[in-house]
Amino acid sequence: MQTASTNIYERMVCSQELSEFKHGTVMGCHLCNKSIHEISLLLNIPWSTVSGIIAKWKQLGTTATQPRSGRPRKMTERGQRMLKHTVRRGRQLSAESVAKDVQTSCGLQISTTTVHRELHGMGFHCRAAASKPYITKCNAKHCHYLTLEQWRHVFRENSACLTALCQV
């Protein structure tokens, strides 16, 4: 059993643009002297949509979709796939380097802001790794008695730390 809220939600989700065929069918029914309510029930579309199609036809002489205002999207679906692929290949790349990679692979001129916005929309978020020192103050208190040879043994696994220690 469906409640009223699910019915409203289902109607809200189905708000897609009608095809040219549906527009033509609405106009054919209108020219056959059917009422807006009858057309709505027959084609299973809201009466307000039927009324709008008929009003547009009377005003403009066509039912074709008119251009809308607003800037077109910069990223195409192909560009989004390339962006996702680039980020998954190198997770630690900066937004500037990702933008350059996408520009060379797709030929799109996109800014770092666009990269941030698109990646955020895809679920990628920039996070900085927490820095943790190799030796905490607590560990240093406990290990202050180690000799230089013992410290070399501790740092043998990490060559970067060994070279840093030897340079000091």
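A brief structural summary. (Residues numbered from 1 in each chain as written. Predicted model: local features only at pLDDT ≥ 70, side-chain atom pairs only at ≥ 80, totals over all residues. Heavy atoms only, no water.)

What about the overall build of the chain?
What counts here: A run of DSSP states H or I qualifies as a helix once it reaches four residues; a run of E qualifies as a strand once it reaches two. Both are numbered from the N-terminal end. Relative accessibility decides the category of a residue: with a 1.4 Å probe and only protein chains considered, values under 20% of the type maximum give buried, values over 50% give exposed, and everything between is partly exposed. Two residues qualify as a contact provided that any one of their heavy atoms is within 4.5 Å of a heavy atom in the partner residue. In this description, accessible areas are obtained by the Shrake-Rupley approach with a 1.4 Å probe, and a residue is regarded as covered only by the protein chains that are shown.
When helices and strands are tallied, the chain shows 10 helices and 0 strands. Overall, the chain shows an N-to-C arrangement of helices and strands of α-α-α-α-α-α-α-α-α-α. Out of the 168 residues in the chain, the part that is buried amounts to 20%. Relative to all contacts within the chain whose residues are 6 or more apart in sequence, the contacts with residues 24 or more apart total 45%. Accessible area of the chain: about 13,500 Å², with a carbon and sulfur share of 56%.

A look at the packing of helix 5 (residues 77-89) against helix 7 (residues 112-122)
The line we're drawing: Orientation is described by axes fitted as lines to C-alpha atoms, over the contacting stretch for helices, and by angles from 0 to 180 degrees between their N-to-C directions. Our angle categories are set so that under 35 degrees counts as roughly parallel, over 145 as roughly antiparallel, 65 to 115 as roughly perpendicular, and the remainder as oblique. The classification used treats Ala, Val, Leu, Ile, Met, Phe, Trp, Tyr, Cys and Pro as nonpolar, Asp, Glu, Lys and Arg as charged, and all other residues, Gly among them, as polar.
Look at helix 5 against helix 7: their axes get within 11 Å of each other, and the N-to-C directions meet at 85 degrees. Taken as axis vectors, helix 5 and helix 7 run roughly perpendicular relative to one another. Residue-level inspection shows Gln 80, Leu 83, Lys 84 and Val 87 of helix 5 in contact with helix 7, the latter providing Val 115, Glu 118, Leu 119 and Met 122. Considering only residue class, the contact of helix 5 with helix 7 consists of 5 nonpolar, 1 polar and 2 charged.

Structural notes on unusual backbone geometry
Despite not being glycine, Asn 33 has its phi angle at roughly 65 degrees, a positive value. Counting through the fold element by element, Asn 33 comes out in the loop between helix 2 (20-31) and helix 3 (36-43).

Let's talk about the pattern of salt bridges
Our working rule: Note on definitions: salt bridges are taken to be side-chain nitrogens of Lys or Arg within 4 Å of carboxyl oxygens of Asp or Glu.
Inspection of every chain in the model, using the stated rule, returns 2 salt bridges. The closest approach of N and O atoms between Arg 68 and Glu 17, which form a salt bridge, is 2.9 Å. Taken as a pair, Arg 68 in the loop between helix 4 (47-60) and helix 5 and Glu 17 in the loop between helix 1 (4-13) and helix 2 lie far apart in primary sequence, 51 residues in all. With relative accessibility at 62%, the residue Arg 68 sits in the exposed group. For Glu 17, a relative accessible area of 46% puts it in the partly exposed group. A salt bridge links Arg 73 to Glu 118; its shortest N-O distance comes to 2.9 Å.

Some remarks on helix 5
Going by this rule: Working rule for helices: expected span equals 1.5 Å times residues minus one. This arc describes the spread of directions from the helix axis toward the C-beta atoms.
For helix 5, built from 13 residues, the straight-helix expectation of 18 Å at 1.5 Å per residue is met to within 8% by its first-to-last C-alpha distance of 18 Å. For helix 5, every residue scored as buried is listed here: Gly 79, Leu 83, Thr 86 and Val 87. Down the axis of helix 5, the buried side of the element spans an arc of 95 degrees, and every buried residue falls inside it. Away from the buried face of helix 5 by more than 90 degrees, exposed residues Glu 77, Arg 81, Arg 88 and Arg 89 are located.

Brief notes about the side chain of Glu 118
Locating Glu 118 in the fold gives a position in helix 7. On the basis of relative accessibility, which here comes to 10%, the residue Glu 118 falls in the buried class. Those residues within four positions of Glu 118 in sequence are excluded, and the remaining contacts are Arg 73, Met 75, Gln 80 and Leu 83.

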